[in-house]
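Structural characterization, general
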Amino acid sequence: MPRLARSEWYDLTRDMNWSLSYVKEEEVWPAELSNGFGLPAEAWWVWDEPYKVTYPEYVHNQYGKDAGVYAVNAVIGRSKVYEQLDPGWKSAIIAHYGVIAIPEYLASLAESRMGRFGRAAAWRNMATFGTLDEMRHGQIQTYFPYGLLAKEPRADWAHKALHTNEWGALAARSLFDDMFTANDAVSTAVQLTFTFETGFTNLQFLGMAADAMKVGDVDFGALISSIQTDEARHSQQGEPTIKLLVEHGRKDVAQQLVDHMFWRSWRLFALLTGLSMDYYTPLEHRGHSFKEFMREWICKQFLDQFRDFGLEKPWYWDEHFLPELDWYHHALQLGIWYWRPTVWWNPDAGVAPEEREWLEEKYPGWHDTFGGHWDVIDRFLGGQIQPPTMEGALAWMGLSPDEMGRDATDYAWAQAAPHDRSAARG
Ligand SMILES: [Fe+2]
Ligand SMILES: [Fe+2]
């Protein structure tokens with residue numbers, strides 16, 4: 001068989017659209033699975049992905065990536081590298097695996113929906129590669145923590161978390177179900193690939209990859225760098241989809257989909273990335289603060305992309321989103337550290353004197369808002385309340401036994417005859 005040059009067959013095989021004659025459009029692309037938002041079917045045929053790859057190239061590249069990253073894992077798994085990692089960093093990666101591993105697999109369902117219900121052949125072709133990517137990400141991020149089980153039994157939360165009712169898992173499941181598994185193909189391209197992947201997973205993966213290398217976690221660094229190379233490719237399904245919506249007068253749809261999912265993604269990533277970067281990563285290895293990272297990756301680069309498409313920044317940007325960069329993840333840190341039995345990792349308080357200085361430098365006013373105040377628990381644990389008992393605490397508050405509150409009627413309400421409910425029922 002003659003070997004054809006790639007250019008002679010590529011466009012024919014990646015992008016072969018056809019008109020329907022035996023079935024109706026809405027039977028092939030029902031709105032629940034693929035909302036065309038009123039664009040004529042053939043308008044979608046010019047959909048053009050910026051990054052192009054053939055199947056043989058794809059397989060060759062992915063094979064190489066997997067061979068490299070599993071080799072690193074095999075070597076590190078036999079070493080003492082994990083045991084020597086900083087405890088806060090270990091918490092960051094155990095939290096990451098719990099929130100991310102299964103949702104990566106869920107993302108393969110979203111990709112496969114676009115692989116079937118995407119509205120152009122080139123798009124369905126790209127989404128098929130995306131499906132394979134996300135299966136790889138789900139597998140690799142359950143395999144690596146599996147290898148840690150002997151050292152950290154809670155690594156099994158990589159698989160377990162999303163199947164529980166732990167509160168963070170509930171929040172993650174709600175977000176990912178709405179965005180990945182219960183969304184139509186067109187909205188998925190805008191919300192999952194553009195808003196979530198181009199915006200936020202870049203943030204989590206690039207930020208964590210840089211920090212991983214600094215703290216000496218070669219295993220995790222290699223893993224997420226490898227994943228990021230796939231994300232960079234399949235996240236590009238959003239751009240041509242938004243372009244077509246805007247060109248055909250449906251800028252309102254694109255804008256609303258972005259506004260909606262940006263806000264929800266921000267809330268989850270503040271929890272995951274915010275705490276990891278500003279509290280869990282050891283101080284000496286911190287590069288940028290979470291806020292600096294958000295400003296560079298989201299406020300500048302991602303916003304430029306919105307604007308290139310003719311979209312506006314979300315309506316809540318100046319009034320609600322930017323101010324939250326100063327306080328939202330600090331408030332989460334406070335709540336999660338106090339309620340630490342409710343999470344599957346060990347929250348790192350991250351407020352030793354030199355860490356407080358760093359926080360004050362990166363977030364002027366941090367000390368007054370989050371480090372200034374001694375509440376009753378702080379004083380109790382800090383030894384200011386003596387003896388450290390209930391009686392000691394009441395005396396410290398200035399309450400003598402005669403002055404302490406009692407039931408106003410001395411429980412008279414409890415002495416009254418019980419109401420006969422069976423009589424009322426007749
Ligand atoms: Fe992924
Ligand atoms: Fe992805």
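Structural notes, computed from the coordinates. (Residues numbered from 1 in each chain as written. Chains lettered and ligands numbered in written order. Predicted model: local features only at pLDDT ≥ 70, side-chain atom pairs only at ≥ 80, totals over all residues. Heavy atoms only, no water.)

A word on the overall build of the protein chain
Scanning the protein chain for helices and strands turns up 19 helices and zero strands. Dimensions of the protein chain along its principal axes, counting C-alpha atoms only, are 95 × 70 × 45 Å. Going through the 426 residues of the protein chain one by one, you find that 47% of them count as buried. Considering only residue pairs separated by 6 or more positions, the protein chain has 79% of its internal contacts joining residues 24 or more positions apart. Working note: accessible area of the protein chain is about 21,400 Å², and carbon and sulfur atoms make up 58% of it. (Helix = DSSP H or I, 4+ residues; strand = E, 2+ residues; numbered from the N terminus. Buried < 20%, exposed > 50% of the residue type's maximum accessible area, 1.4 Å probe, protein only. Contact = heavy atoms within 4.5 Å. Areas by Shrake-Rupley, 256 points an atom, 1.4 Å probe, with all protein chains shown as cover.)

With respect to the packing of aromatic side chains
Applying the stated criterion across every chain, the model contains 39 aromatic pairs. Between the aromatic rings of tryptophan 157 and tryptophan 344, the centroid separation amounts to 5.3 Å while the plane-to-plane angle is 15 degrees, which identifies the pairing as stacked. Of this pair, tryptophan 157 sits in helix 6 (residues 157-160) while tryptophan 344 sits in the loop between helix 13 (317-338) and helix 14 (353-362); the two residues are 187 residues apart in sequence, bridging distant segments of the chain. Residues tryptophan 157 and tryptophan 344 agree in their burial class; the two are buried. With 6.2 Å between their ring centres and 55 degrees between their planes, tyrosine 411 and tryptophan 413 make a pair best called tilted. Here the guanidinium or amino end of arginine 267 rests over the ring plane of tyrosine 328, the centre of that ring lying 4.2 Å away. Directly above the ring of tryptophan 337 sits arginine 340, whose terminal nitrogen or CZ lies 4.0 Å from the centroid. (Phe/Tyr/Trp six-rings, centres within 6.5 Å; stacked < 30°, edge-to-face > 60°. Lys NZ or Arg CZ within 6 Å of the ring centre and 35° of its normal.)

Points about the side chain of serine 226
Assignment of secondary structure puts serine 226 in helix 9 (residues 218-234). There is a polar contact of 2.9 Å between the side chain of serine 226 and the side chain of arginine 136. Dropping the residues within four chain positions of it, serine 226 is found in contact with Lys65, Val69 and Arg136. (Polar contact = N/O pair within 3.5 Å; in protein donor to acceptor, adjacent residues only side chain to side chain.)

Some details on the coordination of the iron ion (ligand 1)
In this structure, Glu104 (OE), Glu134 (OE), His137 (ND1) and Glu231 (OE) serve as the protein donors to the iron ion (ligand 1), at separations of 2.0 to 2.2 Å. Between the four donor atoms coordinating the iron ion (ligand 1), the angles at the centre fall across 88 to 150 degrees, so the site counts as irregular. Read from N- to C-terminus, the donor residues coordinating the iron ion (ligand 1) fall into the pattern E-x29-E-x2-H-x93-E. The distance between the iron ion (ligand 1) and the iron ion (ligand 2) comes to 3.2 Å, and glutamate 134 binds to both of them. Taken together, the positions of glutamate 134 in helix 5 (residues 121-148) and glutamate 231 in helix 9 put the pair 97 residues apart, joining distant regions of the chain. Look at glutamate 134 and you get buried, because its relative accessible area is 0%. (Donors = N, O, S within 2.8 Å, 3.2 Å for Na, K, Ca; no water. Tetrahedral: all angles 85-135°; square planar, octahedral: opposite > 155°, others 65-115°.)

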